Amino acid sequence: MKPIAPRHRTSARTLLATGLITSLALVSGCAKSENDTAGKDKNSTSQGDGGQVVASPSTGSGPTCAIDAYGAKKIDLKSATVGFSQSEKEANPFRIAETASIKAEAAKRGVKLLTANAQSQFSKQISDVQDLIAKGADLLVIAPLNSDGWEPVLRSASAKHIPIITIDRKINATACKDYVSFIGSDFVEQGKRAADRMIEATGGKGDIAILLGAAGNNVTTERTKGFEERIKEKAPNLKIVFKQTGEFAREKGQSVTENLIQSKPGITGIYAENDEMGLGAVNALKGAGKKPGAVKIVTIDGTRNAVQGIVDGWIDGVIESNPRFGPLAFQTLDTFTQGQKVSQDIIIQDSAYTKDNAKSDLGRAF
């Protein structure tokens, strides 16, 4: 299932026949400490645009999952307890917006929500989810840190017939057996679109670097795959001469780029697999006395700071990866627990920010 890839953001709303009607839960401000029972989030506000839209074609075109096949029992979502496991420290605007969206939608629906934050430690995330199960979670929404290593959680959830939905990253397990659905972007497509933007920015010539995301998850693997495939296909004179992980962190992205500038002073472009690393690269270029646009930078996410970077001339394009999972995650749980079919892969439609729309659409970034 491939997402539509518009050059500009759109207000169109694609409605699914299965009842997955998405609404926005855009939340501003930093989320407070996790590991608590979340009711109402006083920092949450709603906005009419910027929410997730499911990509065409609809979910009916792919494998689906129903509660009988999964082995769980119907439950009224309003009376259920939902456990949410966040993977990373909330210094990243993506994680702030993601957690806030989940909290806001739970509060809106009056659903009891238990939350935990793994603080970027995978062993902690495993124990966090097991703790959520022990505390009585009937349903689980997990933002996985890694794709592998989930067997202990899957066994515990299976023993209690607890449905699991993963968001923004996949786990390496069997859909409709180990988990119900994955909700997220087409990460290969994101990489291809980032490559298209890099080709346009550089004229298809020069030496470029990739700031890789964290190892061990499908986002890094697939964003790299899509980018490299498209460069090879469309721009053989654009050479990837440097690849190093920036671990999806601004500080690491900056330090890696500082080393890159020393070892490859003639670098033409930098593809950062998230905005935070891209903003770190901008800091490194500023520190080296480079002028805006001297090195072309393309990133993925859609944070406000990165989009402002386009306005300021430091970044050439940002491919969106929408973190506002709350409405779609809870609608999927509601549909599933009522006994209706849901898609095993619910792919969202991502937009993009360029020099043409960055200033006008800055308010829709997160």
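A short tour of the structure in this document, coming up. (Residues numbered from 1 in each chain as written. Predicted model: local features only at pLDDT ≥ 70, side-chain atom pairs only at ≥ 80, totals over all residues. Heavy atoms only, no water.)

Some points on the overall build of the protein chain
Filter applied, for reference: By definition, any uninterrupted DSSP run of H or I lasting at least four residues is a helix, any uninterrupted run of E lasting at least two residues is a strand, and each is numbered from the N terminus. Contacts between residues were defined by any pair of non-hydrogen atoms, one from each residue, lying within 4.5 Å.
From N to C terminus, the protein chain includes 10 helices and 15 strands. Of the contacts formed within the protein chain by residues at least 6 apart in sequence, a portion of 79% connects residues at least 24 apart.

Structural notes on the environment of P327
We apply this condition: Working definition: with a 1.4 Å probe on protein chains only, accessible area under 20% of the residue-type maximum means buried, over 50% means exposed, and in between means partly exposed.
Here P327 shows up in helix 10 (residues 326–337). Using a relative accessible area of 3% as the deciding quantity, one classes P327 as buried.

What about the state of the cysteines?
The condition that has to hold: Disulfides are defined as pairs of cysteine sulfur atoms found within 2.5 Å of each other.
The final tally for this structure, using the stated rule, is 1 disulfide. Each disulfide pairs two cysteine sulfurs, and for C65 the partner residue is C176, the sulfurs being separated by 2.1 Å. On the S-S bond that ties C65 to C176, the torsion sits near 80°, and the link is right-handed. A residue pair is termed long-range when its members are at least 10 positions apart, and C65 in strand 2 (residues 64–65) and C176 in the loop between strand 6 (164–167) and strand 7 (181–184) qualify at 111 residues. Accessibility assignment for this pair places C65 and C176 in one class, buried.

Concerning empty space enclosed by the protein
Selection criterion: Method remark: on a 1 Å grid restricted to protein atoms, a set of points is classed as a cavity if a 1.4 Å probe fits but cannot get out and as a pocket if it is open with protein on both sides within 12 Å along at least five of seven lines; lining residues have an atom within 4 Å of a point. Grid points are joined across faces, edges and corners, and a volume is the space filled by probe spheres set on the points. Residue polarity is assigned by list, with Asp, Glu, Lys and Arg as charged and Ala, Val, Leu, Ile, Met, Phe, Trp, Tyr, Cys and Pro as nonpolar; anything else, Gly included, falls into the polar class.
One pass over the structure, following the stated rule, counts 2 cavities of 30 Å³ or more. Every residue lining the largest cavity is counted, 13 residues in all, and those nearest its centre are F94, R95, R169, R223 and D301. Every element with two or more residues in the lining of the largest cavity is listed here: helix 2 (93–109) and helix 6 (218–234). Across the lining of the largest cavity, the residue classes break down as 4 nonpolar, 3 polar and 6 charged.

Focus: the environment of G191
Position of G191 relative to the elements: it lies in helix 5 (residues 187–202). As a C-alpha pair, G191 and I319 span 128 residues in sequence and 8.6 Å in three-dimensional space. Look past the residues within four positions of G191 in its chain and what remains in contact with it is R223, G226, F227, Y271 and I300.

Brief notes about the sheet that holds strand 8 (residues 206–212)
Threshold: Criterion used throughout: strands pair if DSSP finds at least two bridges between them. The angle between two axes is taken between their N-to-C directions and runs from 0 to 180 degrees, where each axis is a line fitted to C-alpha atoms and a helix contributes only its stretch in contact.
Taken together, the 6 strands give an open sheet; going across it, the order is 9-8-10-11-12-15, and neighbouring strands pair in mixed fashion. Of all strands in the sheet, those with a lone pairing partner are strand 9 (238–245) and strand 15 (352–353), marking the two edges. Pairing analysis gives 4 bridges linking strand 11 (residues 296–301) to strand 12 (residues 317–320), with the strands arranged parallel. Counterpart to T299 in the pairing with strand 12 is V318. Strands strand 8, strand 9 and strand 10 (269–272) of the sheet are contacted by helix 7 (residues 250–263), whose axis makes an angle of about 135° with strand 9. Relative to the sheet, helix 9 (residues 304–311) contacts strand 11, strand 12 and strand 15, its axis offset from that of strand 12 by approximately 150°.

Here's the deal with the layout of surface pockets
Estimates place the volume of the largest pocket at around 320 Å³. Surrounding the largest pocket, 14 residues form its lining, E88, S120, E247, F248 and A249 being those nearest its centre.

Things to note about helix 3 (residues 122–134)
A turn of α-helix holds 3.6 residues, and therefore any two residues three or four places apart point the same way. Just so we agree on the cut-off: Expected helix span is given by 1.5 Å per residue-to-residue step, counting one fewer step than there are residues.
Spanning 13 residues, helix 3 covers 19 Å between terminal C-alpha atoms, matching the ideal 18 Å at 1.5 Å per step. Buried residues along helix 3 sit in contact with strand 3 (81–86), strand 4 (112–117), strand 5 (139–142) and helix 4 (151–159). Immediately beyond the C-terminal end of helix 3, within one or two residues, lies G136, with a positive phi of roughly 105°.

Observations regarding the pattern of salt bridges
Using the following cut-off: Salt bridge, as applied in this entry: a Lys or Arg side-chain nitrogen positioned within 4 Å of an Asp or Glu carboxyl oxygen.
One pass over the full model with this rule turns up 19 salt bridges. In this structure, D196 engages K234 in a salt bridge whose closest nitrogen and oxygen atoms are separated by 3.8 Å. Taken together, the positions of D196 in helix 5 and K234 in helix 6 put the pair 38 residues apart, joining distant regions of the chain. Overall, the relative accessible area of 25% leaves D196 in the partly exposed class.

Regarding the packing of helix 2 against helix 10
To characterise two packed helices, one gives the angle between the axes of the helices and the distance between these axes. Note the cut-off: Just so you know how the angles are binned, under 35 degrees is roughly parallel, over 145 roughly antiparallel, 65 to 115 roughly perpendicular, and the rest oblique. Two helices crossing with the near one rotated counterclockwise from the far one by less than a right angle form a left-handed crossing, whereas a clockwise rotation gives a right-handed crossing.
Following both chains from N to C, one finds helix 2 and helix 10 inclined at 50°, their axes separated by 8 Å at the closest point. Judged by the inter-axis angle, helix 2 sits oblique to helix 10. Crossing of helix 2 over helix 10 shows right-handed handedness. Where helix 2 approaches helix 10, its residues S101, I102, E105, A106 and R109 are matched on the opposing element by G326, P327, A329, F330, Q331 and D334. Counted by class, the contact of helix 2 with helix 10 contains 5 nonpolar, 3 polar and 3 charged residues.

With respect to helix 8 (residues 275–287)
With 13 residues, helix 8 ought to run about 18 Å at 1.5 Å a step, and its terminal C-alpha atoms sit 18 Å apart, in line with that. Among the 13 residues of helix 8, 10 are classified as buried, and the element is accordingly described as predominantly covered. Those residues of helix 8 not exposed but buried are D275, E276, M277, G278, L279, G280, A281, V282, A284 and L285. One or two residues past the end of helix 8 sits G289, with phi positive at roughly 80°.

Description of the nonpolar core
In a soluble, globular protein the nonpolar side chains are often hidden away together inside. Heads up, the condition is: In plain words, nonpolar cores are sets of buried Ala, Val, Leu, Ile, Met, Phe, Trp, Tyr and Cys residues tied together by side-chain atoms within 4.5 Å.
Judged by nonpolar contacts, the single largest core of 83 residues is most densely connected at V82, I102, L140, W150, I167 and I183. Per-element accounting of this core gives the leading share, 6 residues, to helix 8. Filtering out sequence-adjacent residues up to four positions away, V82 remains in contact with L77, V111, K112, L113, L114, L139, V141, F330 and L333. Of all hydrophobic cores here, the second largest spans 16 residues; its members include I208, A235, I319 and A352.

Regarding the packing of aromatic side chains
The description of an aromatic ring pair uses the distance of the two centres, along with the angle that the planes make with each other. Threshold: For Phe, Tyr and Trp, rings pair up if their centres lie within 6.5 Å, where Trp contributes its six-membered ring, and each pair is then called stacked (planes under 30 degrees apart), edge-to-face (over 60) or tilted (otherwise).
Tallied over the full model, the rule gives 5 aromatic pairs. Ring geometry for F94 versus F366: centroids 6.0 Å apart, planes at 75°, classification edge-to-face. Residue F94 is located in helix 2, and its partner F366 is located in the segment after strand 15; the two are separated by 272 residues in the primary sequence. Both residues of the pair, F94 and F366, belong to the buried class. Note on F182 and F187: the rings are 6.3 Å apart at their centroids and 55° apart in plane angle, and the pair reads as tilted. Taken as a pair, F182 and F187 share a single burial class, namely buried.

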